[in-house]
Amino acid sequence: MERALSDSAKASTEGTGESGLSMEAMYVKILEYMEAHRPYLDEKFSLADMAAAIGTNKAYVSRTVNTMYGNNFCQFVNYYRIQYAADMMRKDRRLKVLEVSMMSGFHSVASFNMAFKLYMNDLPSEFTRNFHSKSLSIPVEPGQ
């Protein structure tokens, strides 16, 4: 009887981490933290920082991101950085690639270019050129 109870207790907590949250709930907490605090803009932001911020351990954050996002924590953070960078580039075409890379949390322009190409299928300079040439070629109706 005692063994059956411990087996059922183990089964009911499977998929939860040290904090007691299910992996899905932990992932929501991670996403909410990323959106609300934008920690990815700090080039030193780490797995340990995320774990401390949301009250769990590095292993559980890593496992949650790997399972729910399908890539590792660094790739997850870089996705946010690239989305932020692309948004900045859409808003201000005068920004230089070096400026955008540093403002979006990258250590170097080389790592920024590689990540940008991976997520956006263009280098940053190509993205800016393509985006702004498309926005300039939108026909304007007479009388507008």
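The present account deals with the structure reproduced in this document. What you are looking at is a predicted structure, and each value in this text was computed from that prediction instead of being measured.

Despite not being glycine, Arg 38 shows a phi value in the positive range, around 45 degrees. Of note, Arg 38 is situated in the loop between helix H2 (23-37) and helix H3 (47-54). Overall, the relative accessible area of 40% leaves Arg 38 in the partly exposed class. A positive phi angle, close to 60 degrees, is found at Asn 121, a residue other than glycine. Assignment of secondary structure puts Asn 121 in the loop between helix H7 (109-120) and helix H8 (124-136).

Attention shifts here to H3. Three or more residues of H3 are buried, namely Met 50, Ala 51 and Ile 54. Projected onto a plane normal to the axis of H3, the buried residues spread over an arc of 100 degrees and lie on a single side. The secondary structure elements touched by the buried residues of H3 are H2, helix H4 (58-69) and helix H5 (73-91). Taken from the residues just after H3, Gly 55 is the one with a positive phi, measuring 80 degrees.

Here the focus is the pattern of salt bridges. A full pass over the atoms with the stated rule returns two salt bridges. Put simply, Asp 87 and Lys 91 hold a salt bridge, and the shortest N to O gap is 3.0 Å. With Asp 87 and Lys 91 both in helix H5 and four residues apart, the pair spans about one turn of that helix. What makes Lys 91 exposed here is its relative accessible area of 66%. Here Arg 94 ties to Asp 92 by a salt bridge, and the two come within 3.0 Å at their closest N and O atoms. Exposure remark for Arg 94: the relative accessible area of 66% places this residue in the exposed category. Among the residues examined, Asp 92 registers a relative accessible area of 22% and is labelled partly exposed.

What follows deals with the nonpolar core. Judged by nonpolar contacts, the single largest core of 17 residues is most densely connected at Ile 30, Met 34, Met 50, Val 61, Phe 73, Phe 76 and Val 77. Of all the elements in the fold, those that place two or more residues in this core are H2, H3, H4 and H5. Among the elements that make up this core, the one with the highest residue count is H2 (five residues). Ile 82, Met 88, Phe 112 and Met 120 belong to the second largest nonpolar core, which has 12 residues in total.

Moving on, we get to H4. For H4, built from 12 residues, the straight-helix expectation of 16 Å at 1.5 Å per residue is met to within 8% by its first-to-last C-alpha distance of 16 Å. Among the residues making up H4, those that are buried are Tyr 60, Val 61, Thr 64 and Val 65. Down the axis of H4, the buried set is contained in an arc of 130 degrees. They therefore lie on one face. Tucked inside the fold, the buried residues of H4 contact H2, H3 and H5. A distance of 3.1 Å separates the backbone nitrogen of Ala 59 from a side-chain oxygen at the start of H4, and that oxygen is part of Asn 57. Gly 70 lies just past H4 and shows a positive phi near 90 degrees.

What counts and how
Residues numbered from 1 in each chain as written. Predicted model: local features only at pLDDT ≥ 70, side-chain atom pairs only at ≥ 80, totals over all residues. Heavy atoms only, no water. Helix = DSSP H or I, 4+ residues; strand = E, 2+ residues; numbered from the N terminus. Buried < 20%, exposed > 50% of the residue type's maximum accessible area, 1.4 Å probe, protein only. Arc of directions from axis to C-beta. Contact = heavy atoms within 4.5 Å. Salt bridge = Lys/Arg side-chain N within 4 Å of Asp/Glu carboxyl O. Core = buried A, V, L, I, M, F, W, Y, C linked by side-chain atoms within 4.5 Å. Expected span 1.5 Å × (residues − 1). Polar contact = N/O pair within 3.5 Å; in protein donor to acceptor, adjacent residues only side chain to side chain.

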